[in-house]
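# Coordinates in review
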Amino acid sequence: DAKTTQPTSMDCAEGRAANLPCNHSTISGNEYVYWYRQIHSQGPQYIIHGLKNNETNEMASLIITEDRKSSTLILPHATLRDTAVYYCIVGRGKSTFGDGTTLTVKP
Amino acid sequence: DTAVSQTPKYLVTQMGNDKSIKCEQNLGHDTMYWYKQDSKKFLKIMFSYNNKELIINETVPNRFSPKSPDKAHLNLHINSLELGDSAVYFCASSLGQGGLSSSYNSPLHFGNGTRLTVT
């Protein structure tokens, strides 16, 4: 599985869009990009995943660059409950999770 | 409710004891996993079972032994507990375990964790 790089932390104002970047420059052609989040010490929660095309679901949007070497998770209207650690995983999605990005949504 | 459930939620025990953590999923998934999250919050895979067969076994001490009686259950037994075993253990499941099958992109579903404290 390819390695990912994410910023350690980010802040976002409540109601604004939160854009979380992820670099995965060693991604292979058949590897998916997955995003999970972990709120407090709960179990990680699946958010979204994609291969090449941009994806959207009820939680978020995923934008993958054309060369697939990076992606951005977008929470369109962040709420205080979106404060969590966000993990970007590449590959089978069944490997060790890195440090992730701690997103803090502020009122 | 469809979910991945783990028991117990909290486990406090003394060094040298043997303990088990149970995990069950009713999502119809065929692959289950154990992850360990230590105090630094790093979430590391330990084991993976597909249809009761071990497919991933990371560098984990022999004191840890997973057991899968059927594809809906994956229990974790730990012998001779040590202080360093203190962590939160998460069970997860998915449909398929990789490769180019149609379920290759199936995401993970996690339980809410078991906080193990060894004193």
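Since this is a predicted model, take the numbers as computed values, not measurements. (Residues numbered from 1 in each chain as written. Chains lettered and ligands numbered in written order. Predicted model: local features only at pLDDT ≥ 70, side-chain atom pairs only at ≥ 80, totals over all residues. Heavy atoms only, no water.)

### Some details on the overall build of chain A
Looking only at helices and strands, one finds 0 helices and 9 strands in chain A. Listed N to C, the secondary structure of chain A is β-β-β-β-β-β-β-β-β in terms of helices and strands. Rg of the C-alpha trace for chain A: 13 Å, near the compact-globule value of 13 Å for 107 residues, within the 12% margin. Principal axes of the C-alpha set define a box for chain A whose edges measure 40 × 25 × 20 Å. Taking all 107 residues of chain A together, 46% fall into the buried category. Look at the contacts in chain A between residues 6 or more apart in sequence, and 56% of them connect residues 24 or more apart. As presented, chain A carries roughly 5300 Å² of accessible surface, and 47% of it is formed by carbon and sulfur atoms. Chain A carries 10 positive and 10 negative side-chain charges, and their two centres are separated by 2 Å. (Helix = DSSP H or I, 4+ residues; strand = E, 2+ residues; numbered from the N terminus. Rg over C-alpha atoms; globule rule 2.2 N^0.38 Å. Buried < 20%, exposed > 50% of the residue type's maximum accessible area, 1.4 Å probe, protein only. Contact = heavy atoms within 4.5 Å. Areas by Shrake-Rupley, 256 points an atom, 1.4 Å probe, with all protein chains shown as cover. Lys, Arg positive; Asp, Glu negative; His and termini not counted. Charge placed at Lys NZ, Arg CZ, Asp CG, Glu CD.)

### Some words on the overall build of chain B
For chain B, the helix and strand inventory stands at 0 helices and 11 strands. Ordered by position from N to C terminus, the α and β elements of chain B give β-β-β-β-β-β-β-β-β-β-β. Relative to the globule expectation of 14 Å for 119 residues, the C-alpha radius of gyration of chain B, 14 Å, shows essentially globular dimensions. Along the first, second and third principal axes, the C-alpha atoms of chain B reach 45 × 30 × 30 Å. Counting across all 119 residues of chain B, residues that qualify as buried make up 46%. Across chain B, the fraction of contacts at a sequence separation of at least 24, relative to all contacts at a separation of at least 6, is 57%. Across chain B, the 12 positively charged side chains and the 10 negatively charged ones have centroids separated by 5 Å.

### Things to note about the nonpolar core
Of all hydrophobic cores here, the largest spans 21 residues; its most connected members are W35(A), L73(A), Y86(A) and L103(A). For this core, the leading source of residues is strand β8 (residues 84-91) of chain A, giving 4 residues. (Core = buried A, V, L, I, M, F, W, Y, C linked by side-chain atoms within 4.5 Å.)

### Regarding the sheet that holds strand β1 (residues 4-7) of chain B
Strand pairing in a sheet is mediated by backbone hydrogen bonds. Such pairs are either parallel or antiparallel. Residue and element names in this part refer to chain B. Strand order in the open sheet formed by 4 strands is β1-β3-β8-β7, with antiparallel pairing between adjacent strands. Two strands in the sheet have a free side with no partner beyond their single neighbour: β1 and β7 (64-70). In this sheet, adjacent strand axes meet at a mean angle of 20° when their direction is disregarded. In this structure, β7 lies alongside strand β8 (residues 73-78), joined through 5 bridges in antiparallel fashion. The partner of K67 across the bridge, within β8, is N75. (Pairing = 2+ DSSP bridges. Axes fitted to C-alpha atoms, helices over the stretch in contact; angles between N-to-C directions.)

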